[in-house]
Structure formats: structure tokens, C-alpha cells
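Examination of the molecular architecture
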Amino acid sequence: MAIAEILTTMNYGPAPESVDKVKAWLAEHEQHFDLFINGAWAKTQGEESDFNSDNPATGELLAKVTQASKNDVDAAVEAASIAQPKWRALSNHQRAKYLYAIARILQKRSREFAVLESLDNGKPIRESRDIDIPLVARHFYHHAGWGQLLDSEYGDYESLGIIGQIVPWNFPLLMAAWKIAPALAAGNCVVLKPAEYTSLTALMLAEVFVEASLPEGVVNIVTGDGRVGEMIVAHEKINKIAFTGSTDVGRIIREKTAGSGKKLTLELGGKSPFMVFDDADQDSAVEGVVDAIWFNQGQVCCAGSRLLVQEGIAESFLTKLKARMEKLIVGDPLDKNTDIGAIIDKSQQARITAIVEQSVNEGADIWQPAACITQIENNQQGCFYPPTLLTNVETSNLAATTEIFGPVLSVMTFREQGEAVALANNSCYGLAASVWSENINRALDVAPQIKAGVIWINTTNQFDAACGFGGYKESGMGREGGSEGMLEYLKPTELLVLQTNKASSANKIIADGKTGSVASEKAFANIDRTAKHYINGKQARADGGTTVEVCSSSGELLGRVGEGNRKDIRNAVEAAYKSQSWSQSNGHLRAQIIYYLAENLSYRKDEFCQRLVQISGADLPQAEAEFESAIEKLFTFAAWADKFEGSVHQPPIKGVALAMKEPVGIIGIGISAESPLLALVSKMAAAIAMGNRVIIVPELTTSLIATDLYQVIETSDIPAGVVNIVTGDKDALIKVMAEHQQVDSVWYHGSVEGGKSIEFASAANLKRTWNSAGKVYNWMSAVTDKALLNHACETKNIWIPYGDI
Amino acid sequence: MTQANKNKRLHAVNLADNQNSHCPTEGEVHNPGTPFNADWLQTIRVNLSAIQRRCGTLTNRRAIKKDWQAAWLLKAISCIDLTTLSGQDTPGKVRRLCAKAKMPISPSLQRQLEIESLGITTGAVCVYHEMVETAVQALKGTSIPVAAVSTGFPAGLSSFATRLQEIKDSVAAGATEIDIVITRAHVLNGHWSQLYDEIKQCKAACGDVHMKTIISTGELSTMNNVAKASMVAMMAGSDFIKTSTGMESKNASLHVSLVMMRMIRHYHDLTGYRVGFKPAGGISTAKDAINYLVLVKEELGDSWLNPEMFRFGASSLLADIERQLEHHVTGRYSANHRHPMG
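The notes below deal with the structure included here. (Residues numbered from 1 in each chain as written. Chains lettered and ligands numbered in written order. Predicted model: local features only at pLDDT ≥ 70, side-chain atom pairs only at ≥ 80, totals over all residues. Heavy atoms only, no water.)

Next up on the list: the overall build of chain A. When helices and strands are counted, chain A shows 29 helices and 36 strands. Here the C-alpha atoms of chain A give a radius of gyration of 28 Å, agreeing with the 28 Å that 2.2 N^0.38 yields for 805 residues. If one aligns the C-alpha atoms of chain A with their principal axes, the spans along those axes are about 105 × 65 × 50 Å. For chain A, buried positions account for 63% of its 805 residues. If you sum the accessible surface of chain A, you get close to 28,200 Å²; carbon and sulfur atoms cover 51% of it. (Helix = DSSP H or I, 4+ residues; strand = E, 2+ residues; numbered from the N terminus. Rg over C-alpha atoms; globule rule 2.2 N^0.38 Å. Buried < 20%, exposed > 50% of the residue type's maximum accessible area, 1.4 Å probe, protein only. Areas by Shrake-Rupley, 256 points an atom, 1.4 Å probe, with all protein chains shown as cover.)

For chain B, the count of helices and strands is 14 helices and eight strands. The C-alpha atoms of chain B give 19 Å as radius of gyration, which agrees with the globular expectation for 342 residues (20 Å, within 12%). Across its three principal directions, the C-alpha atoms of chain B cover 55 × 45 × 40 Å. Here chain B, with 342 residues, has 58% of them falling under the buried criterion. Partitioning the contacts of chain B with sequence separation of at least 6, the portion at a separation of at least 24 is 78%. In the structure as shown, chain B presents an accessible area of about 12,800 Å², 50% of it carried by carbon and sulfur atoms. Looking at chain B, you have 37 positive and 30 negative side-chain charges, and the mean spots of the two groups are 4 Å apart. (Contact = heavy atoms within 4.5 Å. Lys, Arg positive; Asp, Glu negative; His and termini not counted. Charge placed at Lys NZ, Arg CZ, Asp CG, Glu CD.)

On to the sheet that holds strand S4 (residues 177-181) of chain B, then. All names here are of chain B. Taking strand neighbours across the sheet as the criterion, the eight strands line up as S7-S6-S5-S4-S3-S2-S1-S8 in an open arrangement whose pairing is parallel. The sheet is open, and its two borders are formed by strand S7 (276-278) and strand S8 (312-314), each paired with just one other strand. The mean angle between the axes of side-by-side strands here comes to 25°, regardless of whether they run parallel or antiparallel. Summarising the sheet, strand S1 (residues 80-83) and S8 pair through three bridges and their orientation is parallel. From the neighbouring strand, Ile-80 faces S8, where its bridge partner is Phe-312. (Pairing = 2+ DSSP bridges. Axes fitted to C-alpha atoms, helices over the stretch in contact; angles between N-to-C directions.)

Let us look at the side chain of Arg-693 of chain A. Residues and elements named next belong to chain A. Of note, Arg-693 is situated in strand S31 (residues 693-698). No salt bridge is formed by the buried Arg-693. Its closest oppositely charged neighbour is Asp-744, at 6.2 Å. At 3.4 Å, the side chain of Arg-693 forms a polar contact with the backbone oxygen of Tyr-577. One polar contact links Arg-693 to Ser-583, side chain to side chain, over a distance of 2.8 Å. Apart from residues lying up to four places away in sequence, Arg-693 is in contact with Ala-576, Tyr-577, Ser-579, Gln-580, Trp-582, Ser-583, Gly-665, Ile-666, Ile-667, Gly-721 and Val-722. (Salt bridge = Lys/Arg side-chain N within 4 Å of Asp/Glu carboxyl O. Polar contact = N/O pair within 3.5 Å; in protein donor to acceptor, adjacent residues only side chain to side chain.)

Bringing the packing of aromatic side chains into the picture now. To describe a pair of aromatic rings, you give the distance between the ring centres and the angle between the ring planes. Considering all chains together, one arrives at 31 aromatic pairs over all chains under this definition. Ring geometry for Tyr-12 of chain A and Trp-72 of chain B: centres 5.4 Å apart, planes at 20°, overall stacked. Here Tyr-12 of chain A is found in the loop between helix H1 (3-9) and helix H2 (20-28), whereas its partner Trp-72 of chain B is found in helix H4 (residues 66-78) on a different chain. Trp-72 of chain B matches Tyr-12 of chain A in its accessibility class, with the two residues each being buried. Between Tyr-595 of chain A and Phe-635 of chain A the ring centres are 4.9 Å apart and the planes differ by 70°, which places this aromatic pair in the edge-to-face class. One end of the pair, Tyr-595 of chain A, is in helix H22 (residues 587-602); the other, Phe-635 of chain A, is in helix H24 (residues 620-641), with 40 residues separating them in the sequence. One aromatic cluster is present, built from ring pairs that chain together Trp-25, Phe-33, Phe-36 and Trp-41 of chain A. (Phe/Tyr/Trp six-rings, centres within 6.5 Å; stacked < 30°, edge-to-face > 60°.)

Here you go:
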């Protein structure tokens, strides 16, 4: 075009990024890749079966990639298991040097990686060049640091062993880095499966490992479809699964790994709210929306896909937003001017189209910028979808609830802050949220009220290796990044030496009609006492109206407790749900109440010690020791109530990220029979100290200690509903809680089978679980204290950029 | 009506042919101003970190290469207020500057770019009052306007009567554009209606002459002040708002420019009037110039991409653009001494 003519149009013109070097690299590999096992390229040991990796923007074949077989996965795991002890035996500094070398080489080859990522995935080169790849290098640098500090910072922890990692196609290399870097820093070895659409940058990364002389077997890469993922998930020698992907697959992984002892990190879907208050900088918030939902074609788990805008400014805001959308450029991902690239695959494009159609059928109004539609029409061979605005989306609309995973924004309005928070939380997901307001009082008030793992104030889609990332609710469990992310790849050393639970198998309900002596009941009570449930601050008879006998281990009848059923659990959860103010109360108040509980309990030492003797077969000095330990634990967790704090991360922005500890919410707690009073008091106190509300189900044989305790609870100012106790068949009652959608976490301490059943059932709403896997914990250890506190908290990262000059 | 204003209106008509649907092109180029409206100030909110993120990513979101880059650089030249504001200015220096304004790039370069027929000149020449007559004389026969900095430039703290008289004197001397400075104290102390009154009186003193209001962003402390001062300047009838005198310790930046452009857009939404924008101070490279033009295109639209609505206040920018254009044509990196100095 003549210069004079351009002067009249003032168009941008083409600005293609060169793909020559990457094409040459693909040609060097003859457009075919084997598996990367034990530090070298390995042909499949199964039937030869390749699949295509295509460029979604053109349909062009980039390379053929190998479908790994069971034998290949076995070989990869074998390589990792041989490598792991040696890798762990290296000094911190040696491991750190490898991670540092990987970061350096990645930086040196950053443009190649960016171009390959854009070719394979379809994301705009600006994003792969300026966001994905720099964050990849940053992740390895940051974790080189954790590797260096492993012993000093995590001296009480040990590596997990072999980590199976399954990463998605939306950020292929970045997610691989998020998984590999912390695993290696913590002394683990890895078997990684890239997504089948986007294996290529992971395979290029294998070359980096070779160049960095990473010991063979430390990282193994097996390519293929979901079947390979299933093999990894099922593999007995793998100690942990780290998965990023859809909530549906996450649920399946939770079920498949139930009872396997595998640790789990799941980073799943989202429907994150983008909240614009009437005191926001609207123009900047419009730009925020662009970064929230049109970043990576909206194929982002934490995409701000629900715009919640205050009614009074909704019209002007949408006008501004539409004007901004008209400026978006959809097209060739390798053009430096492209804002929105290609959708990963026709199947995804069809899914987006179907959801949008359904949403419109349900009453939403659709708007797409004309310019973008034209741009797509001019690019027939690629797989594109225009930026889309859906307005008049009611809460029941499909587009309000379903993760679309495309460039589609659903718009809703709210009247005031309370309604904004309610709408934001009206979702099964809880990954992220963006809050726009120039009023710091409002923003910092709203952030803790949103049930999500990451909150961005006046910004969005910011990531950094130093800040934990991960979800609440069905958006997953565990955190990636920062100190909280490191813990996901470690376990307390103490766990290695725990004894196996023996008493749990002795848990038998004595059949009705069996006779026993009630003499011991008389030892401290002349008037017959009826042990009930304790629900909502009141003693409550069992819903079924039945009781069950409790016998000592020698078969002596000790008394009767209420026989709990589903409805008792329902009532207890209801009570816990209503006591939300406990979760908002301050640590000092909670500490005072727990101290008061200790005070009241200590007055009843004789009575509780006698009960311990009676139910556990301990002698009096042992019972007294346990009682004193229980009092001490109440002090310990009262002490932690205002001290187990979050941290302030320092991402490379002008601002801070507050890693706040928040209560998990409602926790169902199963108590095993060992040290029944100490176990009960430790778990209850840790949970409520952090602001959770609990429903406790004791082992039946030792449940009288729990029913004795509620009398102390009643007199200790613990608000109604914060602690609830239901007695009966422990495993059955805990399972009801594991299935209950309102329960956020279940701590199960008991049998191996019981633990498996709980983990399986928890998949329904992906609640957190803590399964003792039949082990007996040492409640007097400080490491266990920390484990309790960590299980009692979620970490929420609140990003707060600041500055006015 | 002066010739300058007639030209402006003419241009507005031409623009209408070439508008994009999403660009705010409707409305008058001439801004008669509005009554002082405190509500418009109260709703202003500017988030600095978001502004920084937008500017930080924008320059990487858009790339302009090859012929397009040459064209955009020529556009930049046509928008330069070629400026000399030195105590050492003499008529000789000003005449040389005016010659450069008339012929900003050499005929041979123009020929190679195939743009001789366009007759590209800079947007204006900008001088102190004492140099206005010299400049007018030197630019006789061209349509290049002479702009005079005024009202006690750069600090703006001479007596108000003196400041108004200065405007009248420069207009009488033949300046068709007046760049005024504001009383920064009114911004820092939040005396918005006083600021409005002063600028309005300046506007009255300008008459039909084009008034650019320098808000001195580097001395206003906060982005919210920048935004509010911009809005007051527009309400008071400024034809352009301008970032800086070039004498502050903090020069123009993309950040303050983004804030001011968004205020221009907002004012246009409120009133239908279109106000021009002039970043000034520290803009010295071709790359800088393109970044500003991209910002204008993205935030205000194509109808602002012309000297009627956008100017650079710059002295050394032109030399860098000339070198880049020569490189474009020859493929060899250029040297300053190959281009006639201004």
C-alpha cells in the first residue's frame, strides 16, 4: 500500500512474527516426536500410534506426537523412581543450580518458545511473548530459590516422591512450569503429561532439561490423550497427582485416587466475577474486562467471565465496553497486532457456540463487534470466535452458571455491595474475582467476603510465582506458587513414622438386647444421665428417637448415646451454616473463648479422667496425662487463634499480595478411638480457633467423652452452632457429611476403608479432605499442630496494586 | 471568524467522511465550553496502577512496520508544534526553525517516499511572544500557524492582568494559537471554580484564536488532579489541553496522556464538543511518537489523528523521525548531520 494512502487510513498494517526458526526446529525433528523418558527420546513400547498437533489458526499440521502406552508410562515412572532418591540426595544448592540453569536457558530461547506456543495453541504472540514465557522463566527462578532454601524453610518436611502431573492446553508451557518447578525444588521427580492439543512446548522444554544436564529420569514427559492421564492417575508408584483442567475431570481424578494415599492438587474451572462498583475508574475497569475475558480467547480458568456492574452505571459502562470491543483485533496469532487469536479446536468452538445459543434462547441478548465478525469471515481456514457480550443474563441463565471457556462475557447488574457479594458467591466455583472501586474501604471489605482463592483489586489476571494460586469450592484444592504452593509438594517428616490405627477395627455397635453392666455409670453419677446430640447449642434427641449402647473394649456396657442418622447431620450442618458470624469474629475473641473452655474443663478433671479410664482401658495416671495434654492443646490453639497468620507476598508490581488465612468453613470431623479426649479437643480447638464451624462425630466406643464435653462447651460461651456433636455409626455419619454440598471439608481419622469412602464421596462438591489413612497421629507434636492449622485454613491471595502519583 | 477557525470547520466536514463507527467523531471541533459543573468533577475516578498497566501493555499490543511505519511517522511530523522556548532565542534561530517547519523533510526523501504532492509541513511553530512577529513573517504564504506560549509561561504567576494582556499582545502580533499555563495552586488546593474563571477569561482574551491550555501534569501531584484540571480546562472553553510546559521536572508521559485523552472522550460524551490534545516535553524519539499516536487511535479514534486535534510539542523529535525515514528508504541507519537542523 502506498504511504500516501496509508496516511489517509492510518491502519496498523501487518506485523508478522517470524516463524522460520521454529519451523526449522520442527523440520529437524522431522515433524515427529517420541516420548521423553529417562533423559532421552524414547520410542513407544506399545503399538505405534501417533496423533497430530495442528495449528488451530490455519489447520496446518505442525508435528506428529506419540500416543504413550501403559508400558511407556511404567517406564517413565520407573525412571522417576530410580532418579528420585538420587535427586533428593543432592544438596539444596545443587538442585537450585539445575533449576536456575533451566530458567536461564528458557530465557535465552524465549522467542522460540513463544512462537511455538502461539503456533500450537493459537494464542496471540503478544501474550505468549510478554506473559506466558516470562512467567515460565520467573517460575523456575523463583523455585530455584525455594530449592536453595528447602532445608532451612522446610526442615520438618520430606519430599513426596514421584509426582504425576497433567496439564491443560490453555497455557501449555506455563502450566508445565507451574507443576515441574515446585516439584523439583522440593526434591521430587516428575512424570508429566501435556494436553494432546498442545504437547510441543513441553517437548521443546525436554531439550532444555538436556541442555541443563538435568539428571536423567528427574522429569519424564509422556504424550497422549486422556487415556495416558488415566494411567498416571491409577499408577501405584505415583505419590501425588497435580492436575489442571476441567472440574468434571477433577472430580473423576478425586474418585479414582480415593483411598490410594496419593496427595492431590486440583486446579479446576471457574466462573469468576468481575465486579464494578459505581465508584470505580470506569475506563480502567473496561480495560480490565479486556484483560479478564479476552485474554487467551477467554480460555482461562480464572477468566472474569461474569461482569457484575452496579445498576446506576451499567448503561454508561456497557457503552464504553462496546466501544472498546470494536477496537479488538481478531486473527492471526502470529501477528503482533492480534488481540484475540484462535480457539484451540473446532470442538471447543462448537461448544462455545452451543452455550451462547442456549443462553440467547433463555433470554440473553447477544452483541458482537462488527469489525471482529468481518475479521473472522476473512479468515475461513482457522478456528475463531468473536468477542461476545451477553446482556440480560439472569442468574438462572446457562451463561451465568456454566464455564464457557471462550471469549464470552455474561453481564449482570447489582444494586448495592451486599447484593454484589451475594451474586459473586452464587456459584459452584470459587477461583478468582476482580473488584473495581476507588474506595479502599469498600474494596478491602468485599475481598474477604468473596469465596475465591485469588482476588484482584483494581486489576485482573495477574500471576506471579511468589503468590499462591488456586480455588475454593469446586474450583479445586491446593495452591500453586509461593510458600503455600511448596507445601503441596512436601509432607511432614513425622508422618513417615506414624503407627497404624488398631482400635478403629474394634469399633462395633453392640446389638440391642445384649446385656452388660452399668455399674461404672454409677461411679460418678447417681442420677441417670442421657447423652444426646449437641446441635445448635442445645442438647438434641436423635431424630430417629433411638439410642445405641456404648460398651467398653472389654464388652462392659457403659451407657447409651443418641443414634444419629442423616437428618441429625442435616440439622447439625444447618446449625453450623447459620453460625457464620464465628468465621468473621476476630482471633482474640476466639482465643478468649477457647481459654475459657480450658478453664471450665480443668475444673472437671476427676470426672473426665474417670471416664477416660472407663472407655479407653487406660489407667488413671495415663488418663490424667491425656487430660493434662488436652488442656494444654486448648491453650496451644487459643494461642494460635490470633497468631497463625497469612503473609504478604511481593510480586513484581507496585503493590502487595496479601496471602490471607481464611477459615475453610464447615468441617465435618471424625475422631478415632485413640486418645479420645486429646484427639477430640485438638481437632475441635484447631478448627474453631481458625474460625471454622464443626460437626464432630466420635468413634462410638469413645463417644461418651464427647457427650460429656458438650456440657463444658455449653458453659464456655461458644456460640450456638459453632460446635456440634452427633453420635452413632461414625463412618456412616461422616459419609453423609462427605456427600453434603454445604460441608466444605471433612477430616476423617479412622480406618483405611472409611477414609477411602470419604475421599470418594467428597468428589461430589470437591470438598477438602484430610484422611489419616488408618494412621494414628501424635497430637502432642508441634508438627501436627501445624498440620491441623493448615487443614483449618484456605489461603486467599488478595492483589492490591497501589499508588496515586 | 478567523481563517484558522474556518479551516477547522472545513476539516471537521472532511473528517465526517472518514469516520469509524466507534470513534467519537460527532460534534463540533470548536469547543465553546460549558458552565462550570462541579458534578462532572465529583464523579471523576482515576486508578493509577490500571493506567500504568494499560500504557505498559498498549505499546506491545500494537506494532507498526515498514510502509505503515513510514506513514505513521509522516503523520507525526504533520502534528509537531516545532518549538523553541529558550532565553537564547533570536530572530535568526526562529527563522531557521520556520524554514524547517515548512520543509521538515528533504525533497529527495519526499521523492523516495512518493509523498511530494502532500506538501507535508509541521503542525505549527511555537515560540515566546517576542518571536511571534518574526515567525509570522517567516511563515508568510503558508498555512502553518504560529503558536505563542503565554500567561506568564512557564510558572504562570505574574499578575493576572498581565497574563491577559500577554494573550492580547500575542494575538495582535499575529499568533493564531495561544498556549496558556494555569495557576497550579488552584488545582493543588482544589479551587476548581477559580481555575475555571481564570481559564475562561483567558479564552475571552483569545477571542477566536485557538487556545491550548497547559495543565502542567508534572506539578499536579495526582492523576485525579490531572483528570479534574483537564475537565475544568475543557469546561472553560479550551480548544486543546496540553500536558506540560517542558520546563517541569516531570515531562509528558503516556500515563498522563491516557488520563487526559479519556477526559477528552468523556467531555465529548457529555457535551458533543471535541477537544484536541497536545503532549509536550521529553518526546524525542520516533518510537515515542508512534506510541502516542497509537494511544490516540485506540482511545480517541482516527478522527483525532490529525493536526487539528492532536499535536506534539517537541523540538528534537523531528530530527529522529528524519533519520528513521531515511533508514526506511535506504536500509542504512542514518546520522544526524545528514539532515538540515532546525
